[in-house]
Amino acid sequence: MEKFDQLKMFNTLLHGGDYNPDQWLDHPEVLKEDIELMKKAHINCVSLAIFAWAKLEPEENVYDFKWLKDIIDNLYANGIYTLLATPSGAMPAWLATKYPECLEVTEQGLRRYYGERHNFCHSSPVYQEKVKAIDEKLSQCFGKHPGVIAWHISNEFGGDDQDSQCHCELCQIAFRKWLKDKYQTLDNLNHAWWNNFWSHTITDWDQIHSPSMQGEHELHGLKLDWKRFTSYQKLQFAKMEIQAVKKYSDLPVTTNMMTFFKPLDYYQWGKEFDFVSWDSYPEWHLEEDELSVASRNACFHQLIRSIKKAPFLLMESTPSMVNWKPINTLKRPNMHELSSLQAIACGSNSVQYFQWRKGRGSSEKFHGAVVDHRNHDNTRVFNDVKKLGERLVNTSDQIIGTINKPEVCMIYDWDNRWALEDVQGLERGNINYDLLFNHYYRPLWDMGIDTDIVDMTYDLDDYKVVIAPFNYMYKPGYADKVRKFVKNGGIYITNCFSGEVDENDLCFMDHHPLSDVLGINTEEIDTVDVRYWPNEIEFDDHSFNVKNIRALIHTTTAKVLASYKQDFYQGYPALTVNEYGQGKAYFIASHNDLDFLSYLYQKILKQANITNHFDAKLTLGVTINTRKDQEKELFFVQNFNRNKAEIYLNSSYENIETKQILQHQVTLEPFECMILKKTK
Amino acid sequence: MEKFDQLKMFNTLLHGGDYNPDQWLDHPEVLKEDIELMKKAHINCVSLAIFAWAKLEPEENVYDFKWLKDIIDNLYANGIYTLLATPSGAMPAWLATKYPECLEVTEQGLRRYYGERHNFCHSSPVYQEKVKAIDEKLSQCFGKHPGVIAWHISNEFGGDDQDSQCHCELCQIAFRKWLKDKYQTLDNLNHAWWNNFWSHTITDWDQIHSPSMQGEHELHGLKLDWKRFTSYQKLQFAKMEIQAVKKYSDLPVTTNMMTFFKPLDYYQWGKEFDFVSWDSYPEWHLEEDELSVASRNACFHQLIRSIKKAPFLLMESTPSMVNWKPINTLKRPNMHELSSLQAIACGSNSVQYFQWRKGRGSSEKFHGAVVDHRNHDNTRVFNDVKKLGERLVNTSDQIIGTINKPEVCMIYDWDNRWALEDVQGLERGNINYDLLFNHYYRPLWDMGIDTDIVDMTYDLDDYKVVIAPFNYMYKPGYADKVRKFVKNGGIYITNCFSGEVDENDLCFMDHHPLSDVLGINTEEIDTVDVRYWPNEIEFDDHSFNVKNIRALIHTTTAKVLASYKQDFYQGYPALTVNEYGQGKAYFIASHNDLDFLSYLYQKILKQANITNHFDAKLTLGVTINTRKDQEKELFFVQNFNRNKAEIYLNSSYENIETKQILQHQVTLEPFECMILKKTK
Amino acid sequence: MEKFDQLKMFNTLLHGGDYNPDQWLDHPEVLKEDIELMKKAHINCVSLAIFAWAKLEPEENVYDFKWLKDIIDNLYANGIYTLLATPSGAMPAWLATKYPECLEVTEQGLRRYYGERHNFCHSSPVYQEKVKAIDEKLSQCFGKHPGVIAWHISNEFGGDDQDSQCHCELCQIAFRKWLKDKYQTLDNLNHAWWNNFWSHTITDWDQIHSPSMQGEHELHGLKLDWKRFTSYQKLQFAKMEIQAVKKYSDLPVTTNMMTFFKPLDYYQWGKEFDFVSWDSYPEWHLEEDELSVASRNACFHQLIRSIKKAPFLLMESTPSMVNWKPINTLKRPNMHELSSLQAIACGSNSVQYFQWRKGRGSSEKFHGAVVDHRNHDNTRVFNDVKKLGERLVNTSDQIIGTINKPEVCMIYDWDNRWALEDVQGLERGNINYDLLFNHYYRPLWDMGIDTDIVDMTYDLDDYKVVIAPFNYMYKPGYADKVRKFVKNGGIYITNCFSGEVDENDLCFMDHHPLSDVLGINTEEIDTVDVRYWPNEIEFDDHSFNVKNIRALIHTTTAKVLASYKQDFYQGYPALTVNEYGQGKAYFIASHNDLDFLSYLYQKILKQANITNHFDAKLTLGVTINTRKDQEKELFFVQNFNRNKAEIYLNSSYENIETKQILQHQVTLEPFECMILKKTK
């Protein structure tokens, strides 16, 4: 295999999804129909064998790959490629019974019973050995099969439950070893965890135990390191699997990530895989409108793309509805196309589904699928999929090779999230980094400004504007990187409760680590019930409502742009800007409503001369993403409104699908997405 | 003893309740007063020894029945009969300490400590042996006592907690054996549970474990079979007890059931007992009015009667209030009579209380009782009871021998409930079969139409109309039974999310099992937040609001009676009817507000010429039940309004208690119940 | 040391707080700054070593007290006294690892892991021995140090979690022994717990197990005794510590109590300590106004003072905000002074903080402190503390030696609380004795009437009025004490659901234990949803709303003052008064809104000629507490309003701080507190 081209990955837009023929092997007529319907729906790629361990190794060391080979051969013969999964996401029953150490132990110290999926201890040598064995066998058997184009490692590492963790003795030992490698001495660890507090000094590594509601559950240093360790330990497991599948194969590897998934640091993870992919299940139709859901989903698409700054795969999505939400609403007409093309717009080179066909039984039998229990291809959903398939076929050549190239960047950081959400203070127990982050992202989406989203370890040199909301923790080197960025002309925007602690969650003493760049000193931070303590700030003769968090700061060299209008901090700075070197640094002291951020961002982006290049007046709910290559820019114009929307073009554009030339007023249907490029 | 006459059971209306002299043996003055007050209150029957094990067998194999014999003798001498209980509902402390295996194990695998009641493992051989021994001794001692009229087996099987279940190793073994008997082979089991999904294939029976949040908690097949098993296992225990008490006795046996109690399939249970009885604790006075509570209580009375299609006993009720609700409100004046006579109206041959006298201590000391801690017979409650007692004495002869004979039947099915409430889809985790079922029952209650309520295994031939709401599961043979019923002229009414799965919770493929009878094809099912997706249907020029669940269907031979007015399925069928053979089948695609069902039922019943035979115009909140024999119909006219109600008679009726002749306008006091029959 | 003078304790108002130099020993510049800033802020007393075990005994039997001695010496040299703590509140990690028996066992029977604080088994002989050893060593080393003025035993006994309890086998044994000592025979225990109910008869002491959701959790007698035992067992532990620190020292001892802390009977506890102290963290600024929070805090201040009827110490409070509430709001300007002086006003001889300086790490790093991570003494908070320090210095001489001397008393009783909140009945699970009690306390606070708050074992002779709301349990001798109190001219006020049970939670039979004194018979008690069952009572031509609880009573000799206006008990007595001997007894049958109690109390206090001696017309939110000695009365006039308040003086007063003479109209700033005395 030639070298994997990250930009042009797979050279065509993929369309397909999770396929479970292993549930239907005794129904050849179903398998036959599958191929026919896939071709009808323009499916060119399926994921196979994700939970097929029990079929692949029905008893210990007895492998049966024949059925899988037949399926892959047949798919390939019909022009359908395979993303081949390793089956580690769910162990077979015989393994759990024979080797109980493979099962997780709860934080109460109780061994789980067999069941569910994502149910294994990542530290278990037995489990590792068994997975390695089957992965290598799969590599040997399928690693050079022309129908197989990539490896799909396990499934949704970390599990359904965001807190799924193993506390067994093997994990304790591994955790202690990880700590020893990190801290070298107990003195270092005791200082980092501030263990003199509450007399928690550790005098022997064996005294350390994972956090548990049945033991320690407040020691921030321990909890933060445990989160780092569990992300690391699962990644070690994944790396073992990568090595196993690569034993006889050069195919690229990926694993399917999940939306704003707290337990895993996906920036760390991304490094170990050849390309990135994720499973997107936004909560359409459950709010008054789709805008915040659409923005949030776009935000994570952009984050995923930023991991490698390259195209990614949308690995799972539903063609219809899911079955695990409190309310499971059908996708309204056009929404399937729009939500699928949103992924493409943000850098995906695929639209893949969970699932191709609904199973007859068990817990996902009512989960949306391309093919239902009844009615074959004569369903609304099948036709939606087919229609989208046609659009992908028609646009693939123009899209492959393009990618988004933002000038704006936001800082999202898993360590920061882990530490921040664990803070005792503010609205304790109610600090949601994702909600806060998305609040600061939203105006960019409204404006159709593509944005990279990276963590504190990434380079900032490519960007004109960096936005770092609730950047509570500063990792080593981060402050200097920002200092240099601003000095060289960058615009940096941050806010209250930033720069509070170092990488060990120890408070910075004396002053904010960027006090010189920001030109301010921080003092207190107030959190209120806004019903009783409303406040506003005055900015450019506009008044904006303040939310529940308010920093009380003092300027040194900064200029005050806005001040509080009420309460005992009336007149205190609420927004400051500081000229530093060639650049500027903004500090938003008060956490404000969205209209403030919209106003501020528009002002700053205008000054910095940053636009989305799409020469039009948009309306609320219509957004733009832009993929480009050397020759062209493709504008994905997306209407997330439940009603028609009008936009007004100032230049002339071509619809790349219909070839129609658009000028002046254009009407988008509810949930319509158009792909335009400028006429030459 | 002559054969037990189910229709005339006990030949007189019983009045009494749970009596616990074992708490007062050292207070002979209390015991003496009990007899005096019972006679004053027209008590003719008490339940004895329900939780008296520690008094009956104070140490292992040492029995003391003397006190009980004295009590029963004395009651009998005073004209009061005894329903004699077996004491298995709560084990004595010595037993738990000596034989820990008798205590349940939680789903975490932890053995419970001694305490509470309903606290035993039904699989424990030791517990079974100990219960059998004491039951046989009770049978020997009291089985032919002239004062004892029936056996009351244990108490409220299944416990206070709807999830009370034992997960001990003995239960695991019993469960596996039950599965082996049912499925014969693991292939059958794996197919039924759809175990290829998530690689759950079982290759050894010993791999099977009960569902647990600490292990498998989503596998529908396993969970459904576990529910069936636990209902079965408890029933085996009850059958063992039945056999034990019948060893030396021919008396009929019963056990006290509970309202819409999920864990036990009471239709299966009913078969094993000579008559059915239940404990009714409706939540009077806690809502804006009493109507939905009254309707729900009537619904379960009707279900209980339908189990054997014979009179039943109201085994427990409170004369005043309970003490275990979030708010414990006193019964308002007249409500005690009304709620007691509601039971009689629906087929009960008794009004029994928990409890005769309040204990001094422990957890039910503030539970309503006929006799309070203070004031002897000089209380509002005692007088209410006494007054009711007089009414029972006066009407007993006329009521005994009558029974309700409905022409309408509804399908309520425990397997369906277990499967439906476990569905992942719709409003997952919020699917309440009882609420849904009662919604479809309510208009019948409003109209005063008596209704049988049976499960899918019962015969339908006796009925003109069968209503099967949310009949998600179709058991084997059910579809054919309905097909024949409609073919022969029956009217069948069903709705969205019916006919989805077979008895293993496996989806029916290709088409709805009654698609021919209903004349439709089903496609999708939408669940929405109605705040954002309101909808209405148009039916006979009326508009009705649609609730959160909406099926999208297509007609084949059916006629569309109503259509959706909004959303992308505007114009889709919302209500259809299909002529099939001599009958008709209605399909309600949209789950609608109550007024729709009222309108629809009235229309259908009118066409089918079904009435309650009571020739009057009722007002809302006044309902009718009808008990009849060869010669007469007794109409129980019940006003559940908090205010007076007027009804308008078109014929002339006699009040069977006052002998008054009623014509034209009649006024019912708040919560008044009159018993009328047509004048000759 | 001379005898500890409870009235003049410590001879000066203390100002200081928890000081943790053990977190900063490697930062001598920090320790140096501490002394400088303390002196600036008028700090004269710190609490030391509260959680310093790991520093004091870094490995088993190896003690290091040197650093502590240096700190104490240095503080003393700078005029700052030390309250020296024993470190038992949090064990070091080495101890937990070596002696797992020291760790608590949960109610599931699972041993906790090491972590948090208040994490030890109070029954463990090993833990007791280790604590005793270090306490005695501290006594020996510091017991006569001139800088140390008292012992601070452990910390907040009973832990953060109100349910923190150990269920280990050592505790089971201790519990059984405690029961054996109490009941002597199982017959006595079985009767007290009413164990014939549900067959719970105990036939061997070893059958007894602590209450647990995994076993018995409803048996009131068991639960009540377990609460008594756990309070007792912790107190035994505290007494062991008291003995240990007194081994080489005559210093007085205290321990820091917590607001309305359910698990410990502080009246019992108070007896064992030389003086009482507590940690006050009211929820300022989280409601629409501060009044209910201020009243509740005053209520507990008064309770704490009443324990010994002597001055107490405010041992902890925050100078700014806490970090563990759902919303952590900064103290508004003046609030720090007001809330601190509220403590003094109610009898405190100190204002102590948690904490002097914020730590850099772990769970309290964002908890309010005098000194922040940044800005040294240049903060709003530091200046607030300093300003208060000046006021304490200026007023100390006048305040020391004074104390509040109420004529009104309320009965608050821990046994009553434990039993009442466990009642099954009324609004089961929602009975909050503290909320109910504070409802009946609030009007006294509004009127500025100082009130003692004692339990049923205290003498009543000092008072003119005794108010006993929701006095459900009557301990032995209580009824007679009240009888004598009223006979001798006292005014007794009680209400519905009083006098229901004896000390074993067994219902009183036949009549209310004070039916003669109250002149009534009780019958039923109604609990309703007031939305559906509103009611009012008519009293002196005023109408007052009735809340959810309504007793139905009958008068014998009492006079009816108010009656119900609605429902079936319209016309029933709602408020009665009975002349008995020289006194009067009021019974409030209906639980009413606050305005009723205000009206009633004003009327009664006026008749009894009870005032606060402060000759002025107050406005809502301005309250008075009065400390006095032989020569003077000091009036603490406190404005808890967020706005200015006007009061109107009818006499002339001197502000003891400014020496200003005040007459007629006086304006208080928001949250201002003035200390006044009458001009001579």
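Below is a summary of the structure that appears in this document. Remember, it's a predicted structure, so these values are computed and weren't measured experimentally. Numbers given to residues run from 1 along each chain, matching the order in which its sequence is written. The order in which chains are written sets their letters, starting at A; the order in which ligands are written sets their numbers, starting at 1. With the structure being a predicted model, the display of local features is reserved for residues of pLDDT at least 70 and the display and counting of side-chain atom pairs for 80 or more, all residues being used for whole-chain, interface and lining totals. Side-chain measures here rest on the full set of heavy atoms in the structure, leaving out hydrogens and waters.

### So, the overall build of chain A
Using the following cut-off: Here a strand is any run of E in DSSP of at least two residues, a helix any run of H or I of at least four, and the numbering for each starts at the N terminus. Three labels apply to residues, based on accessible area from a 1.4 Å probe with only protein chains included: buried if under 20% of the type maximum, exposed if over 50%, partly exposed otherwise in between. Counted as positive: Lys and Arg. Counted as negative: Asp and Glu. His and the chain ends are not counted at all. Just so you know, the charge point we use is NZ for Lys, CZ for Arg, CG for Asp and CD for Glu.
Helix and strand content of chain A: 17 helices and 28 strands. Dimensions of chain A, computed from C-alpha atoms along their principal axes, come out at roughly 75 × 75 × 45 Å. Residues counted as buried form 69% of the 680 residues belonging to chain A. Of the charged side chains in chain A, 73 are positive and 95 negative, and the gap between their average positions amounts to 4 Å.

### Notes on unusual backbone geometry
Gln355 of chain B follows Phe354 of chain B through a cis peptide bond whose omega is 20°. Even without glycine at this site, His613 of chain B takes up a positive phi of about 70°. The residue His613 of chain B is located in the loop between helix H17 (594-608) and strand S21 (616-617) in this model. Residue classification places His613 of chain B among the partly exposed positions, given a relative accessible area of 40%. We note that Phe10 of chain C has phi near 65°; this positive angle belongs to a residue other than glycine. One can find Phe10 of chain C in the segment before strand S1 (14-19).

### Here we look at the interface of chain B and chain C
We count it as follows: Only heavy atoms matter for contacts: two residues are in contact if any of them lie within 4.5 Å across the pair. Accessible-area loss on putting two parts together, using a 1.4 Å probe and summing over both, is the definition of buried area adopted here. For salt bridges, the criterion is a side-chain nitrogen of Lys or Arg within 4 Å of an Asp or Glu carboxyl oxygen. Definition of a polar contact: a pair of N or O atoms within 3.5 Å, with one able to donate and the other able to accept a hydrogen when the atoms are protein atoms, and with sequence-neighbouring residues admitted only if both atoms are side-chain atoms.
With 59 residues of chain B at the interface, the matching set in chain C holds 61 residues. A combined buried area of about 5200 Å² lies between chain B and chain C, and 53% of that area is made up of carbon and sulfur atoms. Connecting chain B to chain C are five salt bridges. Run the count over chain B and chain C and you get 31 residue pairs in polar contact (both at pLDDT 80 or more).

### Here's the deal with the sheet that holds strand S21 (residues 616-617) of chain C
All names here are of chain C. Under the convention used in this document: In this description, strands pair whenever DSSP reports at least two bridges between them.
On the basis of which strands lie adjacent, the open sheet formed by three strands has the order S21-S24-S27 and antiparallel pairing. Only two strands of the sheet have a single partner each, and these edge strands are S21 and strand S27 (665-668). Sheet topology places S21 next to strand S24 (residues 645-649); two bridges connect them, and they run antiparallel. When the sheet's bridge partners are listed, Lys617 is paired in S24 with Tyr648.

### Looking at the pattern of salt bridges
Residues and elements named next belong to chain A. For the coordinates displayed, the defined rule picks out 148 salt bridges over all chains. Of the charged contacts, one joins Asp274 and Lys246 as a salt bridge, the two residues approaching to 2.8 Å between their closest N and O atoms. Of this pair, Asp274 sits in the loop between helix H9 (266-270) and strand S7 (277-279) while Lys246 sits in the loop between helix H8 (220-245) and strand S5 (253-254), placing them 28 residues apart in sequence. A salt bridge links Lys475 to Asp415; its shortest N-O distance comes to 2.9 Å. Pair noted here: Lys475 is in the loop between strand S12 (465-468) and helix H15 (478-487) and Asp415 is in helix H13 (residues 414-421), with a separation of 60 residues, a long-range link. Take Lys475: its relative accessible area is 13%, and that puts it in the buried class. Given a relative accessible area of 7%, Asp415 falls into the buried group. Beyond isolated ion pairs, a larger network of salt bridges with shared partners links Lys182, Asp225, Arg228, Asp413, Asp415 and Lys475.

### Let's talk about the interface of chain B and chain A
How large an interface is tends to be reported as the accessible area lost when its parts come together. Between chain B and chain A, the residue contacts involve 61 residues of the former and 59 residues of the latter. Here chain B meets chain A over a buried area of about 5200 Å², counting both sides, of which 52% is carbon and sulfur. The largest contributions to the chain B side of the interface with chain A come from Trp194, Trp198 and Gln214 of chain B, which together make up 15% of the buried area. Viewed at the interface, chain A and chain B are joined by five salt bridges.

### Topic: the relation of the copies chain B and chain C
For clarity, the cut-off: Only residues with pLDDT of at least 70 in both copies count here: their C-alpha atoms drive the least-squares fit that superposes the copies.
For the pair chain B and chain C, the best superposition has an RMSD of 0.1 Å and corresponds to a rotation of 120° with a translation of 0.0 Å parallel to the axis. In symmetry terms, the pair is related by a three-fold rotation axis. A share of only 2% of the interface residues of chain B reappears at the interface of chain C, consistent with the copies meeting through non-equivalent patches.

### Observations concerning the relation of the copies chain B and chain A
After a rotation of 120° and a shift along the axis of 0.0 Å, chain B superposes on chain A with an RMSD of 0.1 Å. An asymmetric contact is evident, with only 2% of the interface residues of chain B recurring at the interface of chain A.

### What to know about the environment of Tyr441 of chain B
All names here are of chain B. With respect to the helices, strands and loops of the structure, Tyr441 is situated in helix H14 (residues 433-447). Residue classification places Tyr441 among the buried positions, given a relative accessible area of 0%. Sequence separation of Tyr441 and Ile610 is 169 residues, and the distance between their C-alpha atoms is 16 Å. Not counting residues within four places of it along the chain, the set of residues in contact with Tyr441 comprises Ser295, Ala298, Cys299, Gln302, Met410, Thr451 and Ile453. In terms of polar contacts, Tyr441 uses its side chain to reach the side chain of Gln302, at 3.4 Å.

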